[in-house]
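# Structural overview
Listed below, chain by chain, are the residues.
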Amino acid sequence: VGALLDHASLILSEAGVEEPRLNARLLLSHVLGIQHTVVDTRKRDSVDSEVTGRFMTLIERRRLREPLQYIIGEVEFMGLKFLVNTDVLIPRPETEVLVEKALECLKLPGARPLVLDIGTGSGNIALALGHFRPDIEILAVDISPLALKVAGLNQQTLGVRNVTLRHADILDGFPVGTKFDMIVSNPPYVSNEEFDSLQPEIRMFEPRIATTDEGDGLRYIRRILEISLRHLNPRGAVLIELGQGQSETARDFATSLGLADPCIHPDLSGIPRVLQARKGNAA
Ligand code: GLN
């Protein structure tokens, strides 16, 4: 085990993978079916050639910069396990800030609030909200039928009943007629220009439509705020995840559209990350 880890770490570090040793340890523990924290206590154990072969196949994928989460096939978000593949963006810790703030906001009294999640991807935001608040209803939409399939699998695995998944393109007049008490989204906010400088893991493997708007990065943020103005009930809230450097502009959009109390929540690294605003009292 020790020698195999040394060998694999070296391969990953030469390929420019960050934290090569941790990656090697996580992949070996995945193959061995044990907790990664105990791998180091088994350094003297021997492994058969079948295990070595399977492990080295995974190391090769990681060497080619495939994200660890796609190789392992799952990721933890809000303490829940989500299945992921290359049809969906990998849920990120900074998005947990959005979910926490949404949960705080949902503490307000009201009869069975209706929440809209735009661009649900793996379903992480919608299903986490649904899991922690069985007393709300959530409509989760995505433009990608393949993403909706993953979200559907996650819904089954997590046994969350109060989420409805639906195919929709928000640039195409959706959603007609319905009013929501909250709108949440982690939209594709990377600009066309920034996209080329992203890590190879994102650029080469994560779905491009989930990452960039192919424009200035603000297109969907603007659109979601417009939708919020039209489709939120009075006092309803909108929470949108932002990219680094977008908070001032996003807040100005909200203000100029006439949304009330815009504020920005930082993520754990202190980066302004989530825009929150609400519809005023007048309908
Ligand atoms: N809602 C998912 C997430 O937050 C997917 C977002 C997206 O595809 N842009 O990770």
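Here, every reference points to the structure presented above.
Residues numbered from 1 in each chain as written. Predicted model: local features only at pLDDT ≥ 70, side-chain atom pairs only at ≥ 80, totals over all residues. Heavy atoms only, no water.

### Some words on helix α4 (residues 49-63)
Given a rise of 1.5 Å per residue, 15 residues ought to cover 21 Å, and the 20 Å separating the end C-alpha atoms of α4 matches this to within 8%. Residues Val-51, Phe-55, Leu-58, Ile-59 and Arg-62 constitute the buried set of α4. Viewed end-on, α4 has its buried residues packed into an arc of 105 degrees, placing them on one side of the element. Looking at the buried positions of α4, the neighbouring elements they touch are α1 (2-14), α2 (20-32), α5 (68-72) and α10 (200-205). With a side-chain oxygen lying 3.2 Å from the backbone nitrogen of Glu-50, the N-terminal cap of α4 falls on Asp-48. Just downstream of α4, Arg-65 is the residue with a positive phi angle, here 75 degrees. (Helix = DSSP H or I, 4+ residues; strand = E, 2+ residues; numbered from the N terminus. Expected span 1.5 Å × (residues − 1). Buried < 20%, exposed > 50% of the residue type's maximum accessible area, 1.4 Å probe, protein only. Arc of directions from axis to C-beta. Contact = heavy atoms within 4.5 Å. Polar contact = N/O pair within 3.5 Å; in protein donor to acceptor, adjacent residues only side chain to side chain.)

### Regarding the side chain of Glu-241
Tracing the backbone shows Glu-241 in strand β7 (residues 232-241). Within polar-contact distance, the side chain of Glu-241 engages the side chain of Thr-95 at 2.6 Å. Engagement of the side chain of Glu-241 in a polar contact is seen with the side chain of Tyr-189, the distance being 2.8 Å. Excluding its chain neighbours within four sequence positions, the residues that come into contact with Glu-241 are Glu-94, Thr-95, Leu-98, Ser-185, Asn-186, Pro-187, Tyr-189, Arg-273 and Val-274.

### What to know about the sheet that holds strand β4 (residues 137-142)
Read from one edge to the other, the open sheet built from 7 strands follows the order β5-β4-β3-β6-β7-β9-β8, with strand pairing classed as mixed. Every interior strand has two partners, whereas the edge strands, β5 (163-167) and β8 (260-266), have only one. Averaged over all pairs of adjacent strands, the angle between their axes in this sheet comes to 15 degrees, without regard to strand direction. Inspection of the sheet shows β7 paired to strand β9 (residues 272-278) by 5 bridges, in the antiparallel sense. (Pairing = 2+ DSSP bridges. Axes fitted to C-alpha atoms, helices over the stretch in contact; angles between N-to-C directions.)

### Side note on the pattern of salt bridges
The tally for this structure, following the rule as stated, stands at 18 salt bridges. Ionic pairing is found between Glu-74 and Lys-81, a salt bridge with its closest N-O pair at 3.9 Å. Notably, a salt bridge pairs Arg-222 with Asp-216, separated by 3.1 Å at the nearest N-O pair. Of the residues examined, Arg-222 reaches a relative accessible area of 31% and is grouped as partly exposed. We classify Asp-216 as partly exposed; its relative accessible area is 45%. (Salt bridge = Lys/Arg side-chain N within 4 Å of Asp/Glu carboxyl O.)

### Topic: the packing of aromatic side chains
Each pair of aromatic rings is reported with the distance of its centres and the angle of its planes. Applying the stated criterion to the full structure yields 1 aromatic pair. Seen in terms of ring centroids, Phe-77 and Phe-82 are 6.0 Å apart; in terms of plane orientation they differ by 75 degrees. Their pairing is edge-to-face. By relative accessible area, which is 0% here, Phe-82 ends up buried. A cation sits over an aromatic face here: Arg-208 above Phe-195, 4.2 Å from the ring centre. (Phe/Tyr/Trp six-rings, centres within 6.5 Å; stacked < 30°, edge-to-face > 60°. Lys NZ or Arg CZ within 6 Å of the ring centre and 35° of its normal.)

### Some remarks on the site of the ligand
Lining the immediate surroundings of the ligand are Leu-89, Pro-91, Thr-95, Gly-119, Thr-120, Gly-121, Asn-124, Ile-125, Asn-186, Pro-187 and Ala-210. Take Gly-119: an N or O atom from its main chain is 3.1 Å from a nitrogen atom of the ligand. Asn-124 is positioned with one of its side-chain polar atoms (N or O) 3.1 Å from an oxygen atom of the ligand. The protein chains hide 97% of the 300 Å² of surface that the ligand would expose on its own. (Near = heavy atom within 4 Å. Areas by Shrake-Rupley, 256 points an atom, 1.4 Å probe, with all protein chains shown as cover.)

### Examining unusual backbone geometry
Backbone geometry places Glu-214, a non-glycine residue, at a positive phi of 65 degrees. By secondary structure assignment, the location of Glu-214 is in the loop between α11 (208-211) and α12 (219-231). For Glu-214, a relative accessible area of 43% gives the class partly exposed. Positioned with a positive phi, Asp-261 is a non-glycine residue whose angle comes to about 45 degrees. With respect to the element layout, Asp-261 can be found in strand β8. Take Asp-261: its relative accessible area is 51%, and that puts it in the exposed class.

### Here's the deal with the pairing of β4
Burial analysis of β4 places 5 of its 6 residues in the buried class, the great majority of the element. Relative to β4, strand β3 (residues 114-118) runs parallel, the two being bridged by 5 bridges. Note on β4: the bridge partner recorded for Ile-118 is Val-141. As for the winding sense of the linkage, the β-α-β connection from β3 through helix α7 (residues 124-132) to β4 is right-handed. Of the strand pairs in this sheet, β4 and β5 are connected by 5 bridges, and their pairing is parallel. Residue pairing across strands places Val-141 opposite Arg-166, the latter belonging to β5. At this point the chain moves from β4, through helix α8 (residues 145-158), to the parallel β5, and the crossover so formed is right-handed. (Right-handed = clockwise from strand over helix to strand, strands pointing away.)

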